[in-house]
Amino acid sequence: MVYKIGQKVRGKVIGIQPYGVFVAIDDETHGLIHISELKHGYIKSISDVINKGDMVDVIIMDIDEYSGKISLSLRSLHKPKFHPFSNKRNIARYGKKTGIGFKSIEDKLPKWVEQALNEIDAQKNSERNG
């Protein structure tokens, strides 16, 4: 069968290594889910996430045109858990409430310029005084 990047396929876990999981997509084709593509967040042990013999739905992330190696992702099928600073809208919304966040460069620029000019003046005065 011909596979394409971005295609969702179902396969069987045929091997587990410390760096990832091998999945048989069909009788002749297999791919690797790198440990970083298993799930969002930290993984202490791959066996906490997946086991040999499991059937999994995965996304084809890459197909090497020379070697034919297929990179798969299980993580791409799942949304990450919500984090209040996961996007710009939430930074603005929660930053105002908590005082955490950032001000635009335009707001901070005058203070930075003033600090820089004060440092230059201080340096000139110290050079004059010796």
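Since this is a predicted model, take the numbers as computed values, not measurements.

Undergrad: Help me understand the side chain of Glu37, please; the structure alone is not making it clear to me.
TA: Looking at where Glu37 falls in the secondary structure, it is placed in the loop between strand 3 (30–34) and strand 4 (55–63). Residue classification places Glu37 among the buried residues on the basis of a relative accessible area of 16%. Sequence-distant contacts of Glu37, that is, excluding residues within four places in its chain, are made with Met61, Leu72, Ser73, Leu74, Arg75 and Ser76.

Undergrad: Where do I start with the pairing of strand 5 (residues 70–73) in this structure?
TA: Regular strands have side chains that alternate between both faces of the sheet. As judged from the 3 bridges shared by strand 3 and strand 5, these two strands associate in the parallel manner. Residue pairing across strands places Leu32 opposite Ser71, the latter belonging to strand 5. Judged from the 4 bridges that link them, strand 4 and strand 5 form a sheet pairing that is antiparallel. Paired with Ile63 across the two strands is Ile70, which belongs to strand 5. In textbook terms, the turn of a hairpin is the stretch between consecutive antiparallel strands, and for strand 4 and strand 5 this stretch comprises 6 residues, one of which, Gly68, has a positive phi near 80 degrees.

What counts and what doesn't
Residues numbered from 1 in each chain as written. Predicted model: local features only at pLDDT ≥ 70, side-chain atom pairs only at ≥ 80, totals over all residues. Heavy atoms only, no water. Helix = DSSP H or I, 4+ residues; strand = E, 2+ residues; numbered from the N terminus. Buried < 20%, exposed > 50% of the residue type's maximum accessible area, 1.4 Å probe, protein only. Contact = heavy atoms within 4.5 Å. Pairing = 2+ DSSP bridges.

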